[in-house]
Amino acid sequence: MFRKTVSLTGFLSFALLLLTSAVLYYEPQGRVAYWADWRFMGLSKDQWDALHLSLGILFLLSGLVHIWYNWKSVTNYMRNRARELIVLTPPLVAALAVTLYFTFGALFGLPGVQQLLDFSAWLKNGHVATYGNPPYGHAELSSLDEFAKNMGIDSGAALDALKARGIKAAPETPLKDIAKEAGKSPQDVYATIRAALGGDPFEALPIRPPEGTGMMTLAEICNSYGLPQATATERLRMAGVETDAGMPFRELAEKNGMNPKTLYDILRTGKRQ
């Protein structure tokens, strides 16, 4: 009974690990997931991470017990035709070679393994265009007062804007808690404040370009921050910048002989500093 339970536990935990591994391979980076309150199948990034860890531990424990119960079968794999015990049998050497290749492939970017990692990074970067970027690292953890100061917004005006739309808030409350109470994402809370305060939407861009901006195209940046692309293109053109909406921001800056920060400042302010 116990032996069968161990085997089935190992099988079920492995099957679920396949699912959690696929989700972790695809899920957005933390800064994006927390800012947009990203969820898959109703679960947040933290919940998927916790599932993967707990199931991994369960699979490890059941695997160790399974090996202990089947140690005789394991040693049989390391015997030759004369039934002599040989540690480095051809199957073990092959298995060891494959395992070491994937291990060192992840560390040193070996062919095949690096492509798998690059594809995951490409998927994760794609989430930035879909869900948007926080204005700075872990902005959702800042209190409303701190967030307003970092964004150059009047704290009282931000508080009034939220209360006017029925969102409970206090200056000392973290943005993520305000969002959770309102059933929104931190990104939605910021969008609510920005929409209420009005003004030039380009000047509402974060003062410092958020992480990952250089990999985004102009079209993706406009989509992420709700900016009219035609206006963005014209804004840059008037400042003497040759634009290409499909080119990554870093490459666009290099094409115009400037660094990405300078190009970002032109987009935000409409002029060269």
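Residues numbered from 1 in each chain as written. Predicted model: local features only at pLDDT ≥ 70, side-chain atom pairs only at ≥ 80, totals over all residues. Heavy atoms only, no water.

## So, the overall build of the protein
Stage number 1. In terms of helices and strands, the protein carries 14 helices and two strands.
Stage number 2. For the protein, whose C-alpha radius of gyration is 26 Å, the value lies well above the compact-globule estimate of 19 Å for 273 residues.
Stage number 3. Dimensions along the principal axes, computed over C-alpha positions, put the protein at roughly 85 × 45 × 25 Å.
Stage number 4. By residue count, 34% of the 273 residues in the protein fall in the buried class.
Stage number 5. In the protein, 63% of the contacts between residues at least 6 apart in sequence involve partners at least 24 apart.
Stage number 6. Of the accessible surface of the protein, which amounts to about 15900 Å², a share of 62% is contributed by carbon and sulfur atoms.
Stage number 7. When the 27 positive and 25 negative side-chain charges of the protein are each reduced to one mean point, those points stand 9 Å apart. (Helix = DSSP H or I, 4+ residues; strand = E, 2+ residues; numbered from the N terminus. Rg over C-alpha atoms; globule rule 2.2 N^0.38 Å. Buried < 20%, exposed > 50% of the residue type's maximum accessible area, 1.4 Å probe, protein only. Contact = heavy atoms within 4.5 Å. Areas by Shrake-Rupley, 256 points an atom, 1.4 Å probe, with all protein chains shown as cover. Lys, Arg positive; Asp, Glu negative; His and termini not counted. Charge placed at Lys NZ, Arg CZ, Asp CG, Glu CD.)

## Focus on the pattern of salt bridges
Stage number 1. For the coordinates displayed, the defined rule picks out eight salt bridges.
Stage number 2. With a closest N to O distance of 3.4 Å, Asp49 and Lys45 form a salt bridge. With Asp49 and Lys45 both in helix α3 (residues 45-69) and four residues apart, the pair spans about one turn of that helix.
Stage number 3. The partly exposed category is assigned to Asp49, whose relative accessible area is 26%.
Stage number 4. Between Asp177 and Lys176 there is a salt bridge whose closest N-O contact spans 3.2 Å.
Stage number 5. Asp177 gets classed as partly exposed once you look at its relative accessible area, which sits at 33%.
Stage number 6. One network of salt bridges, with partners in common, ties together Glu27, Lys45 and Asp49. (Salt bridge = Lys/Arg side-chain N within 4 Å of Asp/Glu carboxyl O.)

## What to know about the side chain of His127
Stage number 1. Secondary-structure assignment places His127 in helix α6 (residues 113-131).
Stage number 2. With relative accessibility at 3%, the residue His127 sits in the buried group.

## Here we look at the packing of aromatic side chains
Stage number 1. Overall, the coordinates contain 12 aromatic pairs when judged by the stated rule.
Stage number 2. Seen in terms of ring centroids, Trp68 and Tyr69 are 5.1 Å apart; in terms of plane orientation they differ by 55°. Their pairing is tilted. (Phe/Tyr/Trp six-rings, centres within 6.5 Å; stacked < 30°, edge-to-face > 60°.)

## Details of unusual backbone geometry
Stage number 1. Even without glycine at this site, Met41 takes up a positive phi of about 55°.
Stage number 2. Within the fold, Met41 resides in the loop between β1 (39-40) and β2 (43-44).
Stage number 3. Although it is not a glycine, His138 sits at a positive phi angle of roughly 50°.
Stage number 4. Note on placement: His138 falls in the loop between α6 and α7 (144-150).
Stage number 5. For His138, a relative accessible area of 41% gives the class partly exposed.

## Notes on the packing of helix α12 (residues 229-238) against helix α14 (residues 260-269)
Stage number 1. In contact at an axis separation of 9 Å, α12 and α14 are set at 115° when each is read in the N-to-C sense. Classed by the angle they form, the pair α12 and α14 counts as roughly perpendicular. Between α12 and α14 lies a crossing whose hand is right-handed. In this structure, α12 uses Ala232, Arg235 and Leu236 to contact α14, whose residues at the interface are Leu263, Ile266, Leu267, Arg268 and Thr269.
Stage number 2. For the contact of α12 with α14, the per-class residue count stands at five nonpolar, one polar and two charged. (Axes fitted to C-alpha atoms, helices over the stretch in contact; angles between N-to-C directions. Parallel < 35°, antiparallel > 145°, perpendicular 65-115°, else oblique. Left-handed = near helix turned anticlockwise from the far one by under 90°. Nonpolar A, V, L, I, M, F, W, Y, C, P; charged D, E, K, R; others polar.)

## With respect to the confidence of the model for the protein
Low-confidence regions, as indicated by low pLDDT, have predicted coordinates that should not be scrutinised in detail.
Stage number 1. Averaged over all residues, the pLDDT of the protein equals 88, while 97% of them reach at least 70.
Stage number 2. Averaged over each element, pLDDT in the protein is lowest for helix α4 (residues 71-76) (78) and highest for β2 (96). (pLDDT = per-residue confidence, 0-100.)

## Quick notes on the side chain of Ser143
Stage number 1. Its location among the elements puts Ser143 in the loop between α6 and α7.
Stage number 2. Owing to a relative accessible area of 10%, Ser143 belongs among the buried residues under this scheme.
Stage number 3. Beyond its immediate sequence surroundings of up to four residues, Ser143 is in contact with Pro171, Glu172, Thr173 and Pro174.

## Observations regarding the nonpolar core
Stage number 1. In terms of nonpolar packing, the biggest core is built from 23 residues, with Leu218, Leu236, Phe249, Leu263 and Leu267 touching the most fellow members.
Stage number 2. Broken down by secondary-structure element, the contributors of at least two residues to this core are α11 (218-225), α12, α13 (249-255) and α14.
Stage number 3. Once residues within four sequence positions are removed from consideration, Leu267 is found in contact with Phe202, Leu205, Leu218, Ile221, Ala232, Arg235, Leu236 and Phe249.
Stage number 4. Listed in part, the 20 residues of the second largest apolar core include Leu144, Met151, Ala158 and Ala204. (Core = buried A, V, L, I, M, F, W, Y, C linked by side-chain atoms within 4.5 Å.)

## A short note on the environment of Asp49
Stage number 1. Measuring from C-alpha to C-alpha, the distance between Asp49 and Val241 comes to 43 Å, with 192 residues separating the pair along the chain.
Stage number 2. Contact partners of Asp49, with chain neighbours within four places excluded, come to Leu24 and Glu27.

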